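Understanding the architecture of this molecule
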Amino acid sequence: MKILHQLGENILLAMKRRGISQDRMHQRTGISKPTLRKITKGDPTVSLGHYVNVLAVLGLSDDLGKVALDDELGRKLQDIELLKTRR
């Protein structure tokens, strides 16, 4: 999955920017080093909870609240239905 690969890459870059090694991330999250490597590669078999733990250590967990926040397609579909019922 391309989006998970991108997420993993973004996490890896955020760790490097902050100077947080896999050892330090392991200490802070309790997530095993092999699982951390999977996260930085965007492995879809890793639980979302592990991704959230890593994002929290990086100070990025609030970003998850932005997912689907501005649902442009959903609003357009809803508007179409609303217009149909007015006629």
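Residues numbered from 1 in each chain as written. Predicted model: local features only at pLDDT ≥ 70, side-chain atom pairs only at ≥ 80, totals over all residues. Heavy atoms only, no water.

Right, let's get into the packing of helix H1 (residues 2-18) against helix H4 (residues 48-57). Contact geometry for H1 and H4: axes closest at 11 Å, N-to-C directions at 30°. Comparing their axes, H4 and H1 come out roughly parallel. For H1 against H4, the interelement crossing comes out left-handed. Two secondary-structure elements touch here, H1 through Leu4, Leu7 and Ile11 and H4 through Tyr51, Val54 and Leu55. Class assignment for the residues of the contact of H1 with H4 results in six nonpolar, no polar and no charged. (Axes fitted to C-alpha atoms, helices over the stretch in contact; angles between N-to-C directions. Helix = DSSP H or I, 4+ residues; strand = E, 2+ residues; numbered from the N terminus. Parallel < 35°, antiparallel > 145°, perpendicular 65-115°, else oblique. Left-handed = near helix turned anticlockwise from the far one by under 90°. Contact = heavy atoms within 4.5 Å. Nonpolar A, V, L, I, M, F, W, Y, C, P; charged D, E, K, R; others polar.)

Pairing of side chains with opposite charge becomes possible as their charged atoms draw close. All chains considered together, the criterion is met by five salt bridges. Asp23 is the salt-bridge partner of Lys33, the closest N and O atoms lying 2.5 Å from each other. In this pair, Lys33 is assigned in helix H3 (residues 33-40) and Asp23 in helix H2 (residues 22-29), connecting sequence segments 10 residues apart. By relative accessible area, which is 33% here, Lys33 ends up partly exposed. Classification of Asp23 as partly exposed rests on a relative accessible area of 40%. (Salt bridge = Lys/Arg side-chain N within 4 Å of Asp/Glu carboxyl O. Buried < 20%, exposed > 50% of the residue type's maximum accessible area, 1.4 Å probe, protein only.)

Right, let's get into a nonpolar patch on the surface. Together, Leu73, Leu77 and Ile80 line one region of the surface with nonpolar side chains, adding up to about 310 Å² of accessible area. Note on Leu73: relative accessible area 58%, which makes it exposed. (Patch = residues over 30% accessible without salt bridge, like charges linked within 9 Å, V, L, I, M, F, W, Y side chains within 5 Å. Areas by Shrake-Rupley, 256 points an atom, 1.4 Å probe, with all protein chains shown as cover.)

Right, let's get into H3. Taken together, the buried positions of H3 are occupied by Thr35, Leu36, Ile39 and Thr40. Viewed along the axis of H3, the buried residues span an arc of 140°, placing them on a single side of the element. Those residues of H3 that are buried are in contact with H1, H2 and H4. Positive phi appears at Gly42, one or two residues downstream of H3, with a value of about 75°. (Arc of directions from axis to C-beta.)

Turning our eyes to something else, we now look at the side chain of Thr40. Inspection of the secondary structure puts Thr40 in helix H3. At 2.9 Å, the side chain of Thr40 and the backbone oxygen of Arg37 are in polar contact. Excluding its chain neighbours within four sequence positions, the residues that come into contact with Thr40 are Gly8, Glu9, Leu12, Met15 and Gln22. (Polar contact = N/O pair within 3.5 Å; in protein donor to acceptor, adjacent residues only side chain to side chain.)

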